[in-house]
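Residue strings, one per chain:
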Amino acid sequence: MSGCEGCNCGSRPDAAESRPLGTKRVTVFRYRPCSAVEQGSTEPRGGEPWYDAFEVPYDTGTSVADALGWIKDNRDATLAFRVSCRMGICGSCGLMVNGKPHLACETFLRDLPDEVTIAPLANLDVERDLIVDKEPFLAALTEVKPWLMSAANADGFDTALSENNRQTPAQMLDYQQFAQCINCLLCYAACPQVGFNRPFLGPAAITVAMRYSRDSRDHGTAQRLPALDAESGVWPCTFVGACSTVCPKGVDPAAAVQLAKLVAAKARATGLIKRKEKR
Amino acid sequence: MSDLDQRPASNRRPLAQPLPRTWFLGTTEYRLYALREASALFLGIFVINVCWAVVALSRGLETWERWLAFQRHPAVVVFTVITLAMVLLQSVTWFQVSPKAIRVRLGERQLRASWIIAAQYAAAFVVLALLIWRARGGRS
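What comes next is a walk through the structure. Not measured: the values here are computed from a predicted model.

As for the overall build of chain A
Each helix and strand counted, chain A has 10 helices and 7 strands in total. The burial tally for chain A puts 49% of its 279 residues in the buried class. In the structure as shown, chain A presents an accessible area of about 14,000 Å², 51% of it carried by carbon and sulfur atoms.

Here you go:
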């Protein structure tokens, strides 16, 4: 039996050896921010995007990330794309494959039609070729304060292990699914509301907020509410549900956003009652 | 000073990717969502029609008969059938997605989504049965 010691991967027909399967035509979105300058123009303006097509040889194990690497190594060294772990955990290689958001490392040419079009993640600004600007997302992520806050020190980090930080498996179940988010932004590319409404926090940032707010050790929900209950917080979501469909980790951001709406609505209702009581 | 002079010393020129106007035709999921949103239009018009029925009823038999005659017009019948289909689409899709917002934990397990969906159908049928019973004058 072939394969690694102690595992059964050799029992899968395709895992033990890669078989060449032919070539596929891979069309890649290209964009140079300064191509006009590079071409000698005095106008420092971004160039127009264009598409380049390549015939890429593939076998049973060639992922889209491998195909892009092959193009960069053998056809065009200037092609820019992000890739890191190659095992669906770092969240770097999100892009559009034939119009749908995918992780390049987990999408295989063998499963795609003969014509494959690769483009940067939709709804996000393109920096160069397949690289998108993740800064707006990182700002949204910071806004929801993605860390555990203790009751005593709700403004800062609380990483000290103490009796209060003990948790039962049942309590962990409340947020565990949301903790699987790898910030790959496939959900942002799938969400039309992100496209319409740029200040929208977006599915992943709200999911991370709920990951912490549903944690029994956390006391920071009130600190996150100003971001969640803002006009660009949870409310632009109209429950299209595409974020959950494309999520490669089964996180279900649509569920997190609906739960966040409940948290925001409850806080508003409680606020109204308290205001009436004061009068 | 021109706008160019105001730019920071950077070669960054992020390219915006605006959503195409026909984005809602892009995938089956988007199309279904657009249909669900569009159903609100039919439901809204239907509600206006029902409000008109109440007003007609309050004005006397003649106006009420006129309203009834209007309901028999083929265009209104077609509209009512489409509205019924839209209501069913709304109900079925909302029942399907509601477990996302309703999370019930039973000890160390989550209650399955299928149970929450089934409970909603059961509640809907109970309400429907009660309404039919009332409409028949409280007789079984």
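Now that the structure is up, let's keep going.
What to know about the pattern of salt bridges
Here the structure, examined in full by the defined rule, presents 18 salt bridges over all chains. For Glu127(A), the salt bridge is made with Arg12(B), and the minimal N-O distance between the two is 2.5 Å. Of the two residues, Glu127(A) is situated in strand 6 (residues 126-128) and Arg12(B) in the loop between helix 1 (3-6) and helix 2 (28-59); the pairing between them involves two chains. With a relative accessible area of 42%, Arg12(B) lands in the partly exposed category. Between Arg211(A) and Asp215(A) there is a salt bridge, and its shortest N-O distance comes to 3.1 Å. Across this residue pair, the class does not change: Arg211(A) and Asp215(A) are buried. Counted as one network, the salt bridges with shared partners bring together Arg30(A), Arg32(A), Asp52(A), Asp76(A) and Asp129(A).

Digging into the packing of aromatic side chains
Summed over the entire model, instances satisfying the criterion amount to 11 aromatic pairs over all chains. An angle of 85 degrees between the planes, with centres 5.6 Å apart, marks the rings of Phe29(A) and Tyr51(A) as edge-to-face. With Phe29(A) in strand 1 (residues 20-30) and Tyr51(A) in strand 2 (residues 50-59), this residue pair connects regions lying 22 residues apart in the sequence. With a relative accessible area of 48%, Tyr51(A) lands in the partly exposed category. An angle of 65 degrees between the planes, with centres 5.7 Å apart, marks the rings of Phe239(A) and Trp94(B) as edge-to-face. Here Phe239(A) is found in the loop between helix 8 (221-228) and helix 9 (242-246), whereas its partner Trp94(B) is found in helix 4 (residues 74-97) on a different chain. Residue classification places Phe239(A) among the buried residues on the basis of a relative accessible area of 7%. Take Trp94(B): its relative accessible area is 34%, and that puts it in the partly exposed class.

Digging into the interface of chain A and chain B
Listed by partner, the interface residues are 47 residues for chain A and 26 residues for chain B. When chain A packs against chain B, the two sides together hide about 2,900 Å² of surface, and 55% of this comes from carbon and sulfur. Among the salt bridges present, the one from Asp174(A) reaches Arg105(B), with a minimum N-O distance of 3.5 Å. Linking chain A with chain B are 14 residue pairs in polar contact (both at pLDDT 80 or more). Going through the elements one at a time, strand 6, helix 4 (169-173), helix 5 (186-190), helix 6 (192-196), helix 9 and helix 10 (253-278) of chain A are the ones with two or more residues in the side of chain A that touches chain B. The element best represented in the side of chain A that touches chain B is helix 10 of chain A, accounting for 5 residues.

What about the side chain of Asp229(A)?
Residues and elements named next belong to chain A. For Asp229, the location among the structural elements is in the loop between helix 8 and helix 9. Within the structure, Asp229 has its side chain in polar contact with the side chain of Trp235 (distance 2.7 Å). Only 2.9 Å separates the side chain of Asp229 from the side chain of Arg268, close enough to count as a polar contact. Asp229 has contacts with Trp235, Ala264 and Arg268, leaving out every residue within four places of it along the chain.

Some remarks on helix 5 (residues 113-135) of chain B
The end-to-end C-alpha distance of helix 5 of chain B, which contains 23 residues, comes to 33 Å, matching closely the 33 Å that a straight helix rising 1.5 Å per residue would cover. Backbone geometry just after helix 5 of chain B places Gly137(B) at a positive phi near 80 degrees.

Thoughts on unusual backbone geometry
Residue and element names in this part refer to chain A. A positive phi is found at Arg86, a non-glycine position, where the angle reads about 60 degrees. Position of Arg86 relative to the elements: it lies in the loop between helix 2 (64-74) and strand 3 (94-97). The backbone phi angle of Asp129 is positive, close to 45 degrees, even though this residue is not glycine. Relative to the assigned elements, Asp129 resides in the loop between strand 6 and strand 7 (131-132). Asp129 sits in the buried class, given a relative accessible area of 0%.

Structural notes on the nonpolar core
Nonpolar side chains in soluble globular proteins tend to end up buried together. Grouped together as the largest cluster of nonpolar side chains are 80 residues, with contacts concentrated most on Val64(A), Leu68(A) and Tyr188(A). Excluding its chain neighbours within four sequence positions, the residues that come into contact with Val64(A) are Leu95(A), Val97(A), Ala104(A), Thr107(A), Leu109(A), Leu112(A) and Ile118(A).

Examining the side chain of Thr83(B)
With respect to the helices, strands and loops of the structure, Thr83(B) is situated in helix 4. The residues touching Thr83(B), leaving out its near neighbours within four places in the chain, are Phe42(B), Leu43(B) and Phe46(B).

Parameters at a glance
- Residues numbered from 1 in each chain as written.
- Chains lettered and ligands numbered in written order.
- Predicted model: local features only at pLDDT ≥ 70, side-chain atom pairs only at ≥ 80, totals over all residues.
- Heavy atoms only, no water.
- Helix = DSSP H or I, 4+ residues; strand = E, 2+ residues; numbered from the N terminus.
- Buried < 20%, exposed > 50% of the residue type's maximum accessible area, 1.4 Å probe, protein only.
- Areas by Shrake-Rupley, 256 points an atom, 1.4 Å probe, with all protein chains shown as cover.
- Salt bridge = Lys/Arg side-chain N within 4 Å of Asp/Glu carboxyl O.
- Phe/Tyr/Trp six-rings, centres within 6.5 Å; stacked < 30°, edge-to-face > 60°.
- Contact = heavy atoms within 4.5 Å.
- Buried area = accessible area lost by both parts, 1.4 Å probe.
- Polar contact = N/O pair within 3.5 Å; in protein donor to acceptor, adjacent residues only side chain to side chain.
- Expected span 1.5 Å × (residues − 1).
- Core = buried A, V, L, I, M, F, W, Y, C linked by side-chain atoms within 4.5 Å.

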